[in-house]
Amino acid sequence: MPVEKVNNSSDLDAKVPSCLQLTSIGNLTLTSDPSHRCVKAKVVRKGPVISCPQRDDVEMLRAEIKEEDPLQSTTEHTSINVIFFDTLAKDFSQSVTQGDIVLIADFTIKKSPTFLRDNLHPCHLEMDNKDACIYVCPSAIPGPSRSEAKYIYVPLNKLKSKTMVNVYGVVTFFKQPFPSRGSDYCSTLKITDQSDVKVICTIFCKKLEDHPLIFRVGDIIRLHRFKAETFRDSITLMNTFGWSTVTFNGIIDSPIVPRTSSKSFYFGEADKRTVQKLRQWAANQSLCSDLNTSLSSVQPHMYFDFTCQLLAKAVMDSRCILLKVWDGTRCQHPLLKVAVAPDELEGECTLAKDKMNLTANVLVYDNHLEVARDLKPGAFLRFYNLHALLQKAPGQLPDQPEHLSFHLHGGTVYGRGLRSLPAETPDLLSLKSVLEKHVDLDEHEEVNDGTLLEIWYTPPESIGAEADAGPAYTVQTCEHNTQRITLAQVKRSTPPLSCHVRARVKKYLPQQLYQCLKLFCSKCKTMKDVPDDSAVANIFLESARDNQPCDEQWAATSSANSREPGRTISMHVSKDMVGESSHMQLIFIEGITLDEISVLSRDHKNLVPVRSENSKMTRMDLTAPFLFSGKKRYYGCKECSQNTFENPVFTGVETWDELAVAEVLGVQMMQYRFLIQFELDDGTDRIEALLWEDAERFFHISALDASGCQDLQDKIQTIMDTIQPPESSLEEHPWMDFCLSVYTVKDNDRKKVCYQITNTEIVKQ
């Protein structure tokens, strides 16, 4: 039922049904039966309506109620928190004000998670039943109106741990919101005030738009309902129930315009005076020093803040986005041009600005991609901790100067990040006035296709008409709509880049194709060679020597003498599997050689080699396969697998495949992968490109299937003999279309450019 109002306290008492007993707050416990009880108390605190993540974002409101006559209570707890959910939260928010008397019934009693922090009742009440009863008697003395609302603000040097406070401060450091380990985003900032005490504030909130709108160091921020805590001997602030923030520009004489996502907040004359005082104090302390740098002032190797306008953007790959920006000033250094196809660029043409050294190409990486994807051309931006680097341009001669490039690296160290700025922000007035001086540049943006190619690509070098004659031996399966370029252009491009090329395979490594089959751990990213049979055979021999059969209570064991005197082969099966077909059983076998288990695996699907240690079963060294299944062998990662397995559970598994076996044994299974290096040649240049992530797609063959099938291995050899015919010249090799991914990796603290073949398949004959 909705909240019902009554005229006076006597009417409230009359509303108590005869089946309910009026109960003191102090007498409520977790073991109390709330079905025949009701509570009458005054509302001393009422929070806003917010969403509850633990209940699929259903609306909720928390209020604190206190008994009017605490002397009647038998305990010290006279106040308790009440949580209202769904429609009750809305009704309570609209109908009840601070100071009203309420009568509530049909509640549930739960343990309070905030008991140690707020020192209220160790329990709280929850109201979410459709039959819940809420009666309210308005207080005799009206509470303060919205326009007369009063808040008490605590100076930062007066903060005490475990208290809820409201504070004002000047921002001296901040980080843009970043994903936390949970489902929330986290903001971190440091503030100070006239007491000269600096306090760190941490804000967790699921919605990005609800985080503080901080644009620069020196901004003024107001925090409501934050909890003071002690961390490493210092006071810190953290948002809590019903929190809110409002920020203001910290520049003296700029308009005092509140910035907040809240639809309703109080801001009066006292607040204006507080902001003005903080602005003046911050200016005297030089806290509002401008860290923003214009493009004309940028020097190599510097980190700086940069306010600008977004002209165009392009997605380079899944790890990088290009933002083309300007601030109306001309850079004093040659600017690096980033190769990207015109049809992949979102936004206006920037050719005239590029020629005048007005456009900065900013490459954005990692955790900043989420913000960059949502940006629209024309938006105003501010980069924080942007890095200016010198790089060689494609095809640059040794005696020519290096070009300046801009990178927004991953992470949030030193407040690194970016954000869009509202067009009405006072900080943008000077930027807009500079940009207006270049309006006439738009008249020169019309260009033909030849000019586009000249700007966006190195002049194309011919690879001969022969390359375009006839079909290629491969096809590209990507969705990139990019023009094919030469290998010379690829080598002169700036990574990251995805591109299309046509080339021949001059040679490949390894020449012995069995060596191209690798084992890869998806967890620690380790890649290693498949162990040689002789090394695996030695592990089995060492395990079989002087082996004493293990004794496990969960296993049914059978033994047989081997051909070698004194060696016993033992087979163990879970007692839960006894009676099942041997093809369905998981068989643990010890005292066996590699040749013997290879023969047995032809007739048994799942054979696990084990050894005995102190009469207990344990796995063999993971250099050897942990599972034999037909002709297939499965290996585990030594670094990521559990050391031992104890009391394995075999029930509840419908089908024993390699994944189920690995889980029971605590093994991190390694995957079979192909790894081949191609030397590509198109007549303009040569590059070495790896084929591994998309190798199975390239050959139309599974690496796992190829590991145990000679026919498939022969098929791969036939494909490679077609790509590079034995004892043939390069001119006899077929042309092939490739999709290439160009990227950088760190090699001994130096960046190395690498090339990988992706989204490419052999044409099916």
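These figures come from a predicted structure and were not determined experimentally. (Residues numbered from 1 in each chain as written. Predicted model: local features only at pLDDT ≥ 70, side-chain atom pairs only at ≥ 80, totals over all residues. Heavy atoms only, no water.)

**Student:** Hey, could you run me through the overall build of the protein in this one?
**Tutor:** Across its full length, the protein holds 15 helices and 39 strands. Evaluated residue by residue, the protein yields a buried proportion of 48% over its 765 residues. For the protein, the computed accessible surface area is about 38900 Å², with 49% contributed by carbon and sulfur atoms. (Helix = DSSP H or I, 4+ residues; strand = E, 2+ residues; numbered from the N terminus. Buried < 20%, exposed > 50% of the residue type's maximum accessible area, 1.4 Å probe, protein only. Areas by Shrake-Rupley, 256 points an atom, 1.4 Å probe, with all protein chains shown as cover.)

**Student:** Where do I start with the sheet that holds strand 15 (residues 234-248) in this structure?
**Tutor:** Working definition: the strands of a sheet are paired by backbone hydrogen bonds and lie parallel or antiparallel to each other. In spatial order, the strands read 11-12-13-15-14; together these five strands close into a barrel with mixed pairing. The average angle at which neighbouring strand axes cross in this sheet is 50 degrees, direction not considered. Pairing geometry for strand 11 (residues 163-179) and strand 14 (residues 220-231), over seven bridges, is antiparallel. Across the sheet, Thr-163 pairs through a bridge with Ala-228, a residue of strand 14. The strands touched by helix 4 (residues 269-284) are strand 11, strand 12 (185-192), strand 14 and strand 15; relative to strand 11, the strand with the most contacts, the crossing angle is about 60 degrees. (Pairing = 2+ DSSP bridges. Axes fitted to C-alpha atoms, helices over the stretch in contact; angles between N-to-C directions. Contact = heavy atoms within 4.5 Å.)

**Student:** What is the right way to look at the nonpolar core in this model?
**Tutor:** Across soluble globular proteins, nonpolar side chains show a tendency to be buried alongside one another. Core analysis: the biggest nonpolar cluster contains 78 residues, and Phe-626, Phe-674, Phe-678, Leu-680 and Phe-699 have the highest contact counts within it. Top element by residues in this core is strand 24 (residues 497-509). It accounts for six residues. By size, the runner-up hydrophobic cluster in this structure holds 27 residues, among which are Val-165, Phe-215, Leu-311 and Trp-326. (Core = buried A, V, L, I, M, F, W, Y, C linked by side-chain atoms within 4.5 Å.)

**Student:** Looking at this model, I keep getting lost on the side chain of His-121. Mind explaining?
**Tutor:** Topologically, His-121 is positioned in the loop between helix 3 (115-118) and strand 9 (123-127). In this structure His-121 comes out as buried when scored by relative accessible area, which is 3%. Engagement of the side chain of His-121 in a polar contact is seen with the backbone oxygen of Ile-25, the distance being 3.1 Å. In terms of polar contacts, His-121 uses its side chain to reach the backbone amide nitrogen of Cys-123, at 3.0 Å. Leaving out residues up to four positions away in the same chain, His-121 has contacts with Ile-25, Gly-26, Leu-28, His-77, Ser-79, Ile-80, Ser-112 and Phe-115. (Polar contact = N/O pair within 3.5 Å; in protein donor to acceptor, adjacent residues only side chain to side chain.)

**Student:** Just to check I follow, could you spell out unusual backbone geometry for this structure?
**Tutor:** Leaving glycine out, the prevailing phi sign among residues is negative, and the prevailing peptide bond configuration is trans. Residue Pro-496 follows Pro-495 across a cis peptide bond; omega there is 5 degrees. Relative to the helices and strands, Pro-496 resides in the loop between helix 9 (487-492) and strand 24. In this structure, Asp-106 takes a positive phi of about 60 degrees despite not being glycine. Look at Asp-106 and you get partly exposed, because its relative accessible area is 30%. Positive phi, close to 60 degrees, is recorded for His-700, a residue that is not glycine. Within the secondary structure, His-700 sits in the loop between helix 13 (695-699) and helix 14 (703-707).

**Student:** Even after reading the chapter, I still don't get the packing of aromatic side chains, so can you show me in this structure?
**Tutor:** Overall, the coordinates contain 13 aromatic pairs when judged by the stated rule. Ring centres of Trp-554 and Phe-588 lie 5.5 Å apart, and the angle between their planes is 70 degrees; this geometry places the pair in the edge-to-face category. Highlighted residues: Trp-554 in the loop between helix 10 (533-544) and strand 27 (555-561) and Phe-588 in strand 29 (residues 586-590), separated in sequence by 34 residues. Residue Trp-554 is classed as buried on the basis of its relative accessible area, which comes to 15%. Through pairs of rings, three or more aromatic residues link up here, namely Phe-674, Phe-678, Phe-698 and Phe-699. In this arrangement the basic side chain of Arg-62 is found over the ring face of Phe-241, its NZ or CZ atom lying 4.1 Å from the centre. In this arrangement the basic side chain of Lys-353 is found over the ring face of Trp-326, its NZ or CZ atom lying 4.9 Å from the centre. (Phe/Tyr/Trp six-rings, centres within 6.5 Å; stacked < 30°, edge-to-face > 60°. Lys NZ or Arg CZ within 6 Å of the ring centre and 35° of its normal.)

**Student:** Hey, could you run me through the environment of His-36 in this one?
**Tutor:** Topologically, His-36 is positioned in the loop between strand 2 (21-22) and strand 3 (37-46). A relative accessible area of 46% places His-36 in the partly exposed class. Between the C-alpha atom of His-36 and that of Leu-20, which follows or precedes it by 16 residues, the distance is 4.7 Å. In this view, His-36 contacts Cys-19, Leu-20 and Gln-21; residues no more than four positions away in its chain are not counted.

**Student:** Explain helix 4 to me, please; I cannot follow it from the model alone.
**Tutor:** Three or four residues apart is the spacing at which side chains of an α-helix point the same way, because the helix has 3.6 residues per turn. With 16 residues, helix 4 extends 23 Å from end C-alpha to end C-alpha; this agrees with the ideal 22 Å at 1.5 Å per step. Listed in full, the buried residues belonging to helix 4 are Asp-271, Val-275, Leu-278, Arg-279, Trp-281 and Ala-282. Looking at the residues trailing helix 4, positive phi occurs at Ser-286, about 60 degrees. (Expected span 1.5 Å × (residues − 1).)

**Student:** Is there a simple way to think about the sheet that holds strand 34 (residues 671-674) in this case?
**Tutor:** Read across the sheet, three strands follow the order 26-25-34 without closing on themselves; strand pairing throughout is antiparallel. Looking along the sheet, the strands with just one partner apiece sit at the ends: strand 26 (527-529) and strand 34. Taken over all neighbouring pairs, the strand axes of this sheet differ in orientation by 40 degrees on average, direction set aside. Both strand 25 (residues 517-520) and strand 34 contribute to a ladder of four bridges, which runs antiparallel.

**Student:** Would you take a moment to explain the pairing of strand 11 for this structure?
**Tutor:** Residues in a regular strand project their side chains so that they alternate between the two faces of the sheet. The pairing of strand 11 with strand 12 spans seven bridges and is classified as antiparallel. By the bridge assignment for strand 12, Pro-179 is matched with Tyr-185. Taking the residues that link successive antiparallel strands as the turn, the strand 11-strand 12 hairpin has five residues.

**Student:** What's the story with the confidence of the model for the protein in this structure? I'm lost.
**Tutor:** As a general rule, the predicted coordinates of low-pLDDT regions are not to be interpreted in detail. The pLDDT averaged across the protein works out to 82; a share of 88% of its residues lies at or above 70. Per-residue pLDDT, averaged within each element of the protein, yields its smallest value for helix 8 (residues 449-456) (37) and its largest for strand 13 (residues 198-205) (93). The model gives residues 442-466 a pLDDT under 50, and that stretch makes 52 contacts with residues more than four places away or in other chains. (pLDDT = per-residue confidence, 0-100.)

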